[in-house]
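# Fold and geometry: a report
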Amino acid sequence: DVKVTQSSRYLVKRTGEKVFLECVQDMDHENMFWYRQDPGLGLRLIYFSYDVKMKEKGDIPEGYSVSREKKERFSLILESASTNQTSMYLCASSLIGAAGNTIYFGEGSWLTVV
Amino acid sequence: KNEVEQSPQNLTAQEGEFITINCSYSVGISALHWLQQHPGGGIVSLFMLSSGKKKHGRLIATINIQEKHSSLHITASHPRDSAVYICAVNPNTDKLIFGTGTRLQVFP
């Protein structure tokens, strides 16, 4: 079974803190994605990576950065957390050429910034 | 206007009913995905379609490329089908555009 694992399910952080969300996949997928999901807005792409050390901004990259040093791991970084980053964060992975390949999601990380 | 629109937004049904969820999109696509999200967050891929129809158990997904429309059908619905169903499309790239989801509740 393909597994996409997000390291933290529930986090509470203070405004201004640096936050790391980690995601690991075990299927040698080239593509990895970070999304946030908010009520009424659906899933929105924050960043996308199609290879090690490669990254591409999504629709809402402001306030976020990412790191992909190894193929299986894609980290989302909030340099200085703010309350408007309170959300559910989902990591996903797929083989390259996902237009034609199944996408696999992690269980989600619920982040509250106070 | 969203590029991917789903209807209805909310749906309630009695156990055993036949259910249809619709998805319309306005961009050219290479594939359409139906996803299921249970309370707690995790999302599971149900189908990926580029043409025609696919069936898996009680679930059937169809797509009409010319009309830019897809439907997800659930036959003999069951309370365990209660979830949010999300339509997403690949607009000729590896990135997905998502609908906002349809919340389904099936009562015994």
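Figured I'd write up the structure that's included with this text. Please read all numbers here as calculations on a predicted model, not as lab measurements.

### Quick notes on unusual backbone geometry
With omega at -5 degrees, the peptide bond leading from Ser7 of chain B into Pro8 of chain B counts as cis. With respect to the helices and strands, Pro8 of chain B occurs in the loop between strand E1 (4-7) and strand E2 (10-14). Positive phi, close to 60 degrees, is recorded for Asp28 of chain A, a residue that is not glycine. Note that Asp28 of chain A resides in the loop between strand E3 (19-25) and strand E4 (31-38). For Lys68 of chain B, which is not glycine, the phi dihedral falls at a positive 55 degrees.

### Description of the interface of chain A and chain B
Contacts between the two partners involve 27 residues from chain A and, on the opposite side, 20 residues from chain B. Taken together, both faces of the contact between chain A and chain B bury some 1,600 Å²; the carbon and sulfur share is 61%. Scanning the region where chain A abuts chain B turns up 1 salt bridge. The salt bridge partner of Glu56 of chain A is Lys95 of chain B, with a shortest N-O separation of 2.8 Å. In this structure, the connection of chain A to chain B is made through 3 residue pairs in polar contact (both at pLDDT 80 or more). Sorting the residues of the side of chain A that touches chain B by element identifies E4, strand E5 (42-51), strand E6 (54-57) and strand E9 (87-94) of chain A as the ones contributing at least two each. For the side of chain A that touches chain B, the per-class residue count stands at 14 nonpolar, 9 polar and 4 charged.

What counts and what doesn't
Residues numbered from 1 in each chain as written. Chains lettered and ligands numbered in written order. Predicted model: local features only at pLDDT ≥ 70, side-chain atom pairs only at ≥ 80, totals over all residues. Heavy atoms only, no water. Helix = DSSP H or I, 4+ residues; strand = E, 2+ residues; numbered from the N terminus. Contact = heavy atoms within 4.5 Å. Buried area = accessible area lost by both parts, 1.4 Å probe. Salt bridge = Lys/Arg side-chain N within 4 Å of Asp/Glu carboxyl O. Polar contact = N/O pair within 3.5 Å; in protein donor to acceptor, adjacent residues only side chain to side chain. Nonpolar A, V, L, I, M, F, W, Y, C, P; charged D, E, K, R; others polar.

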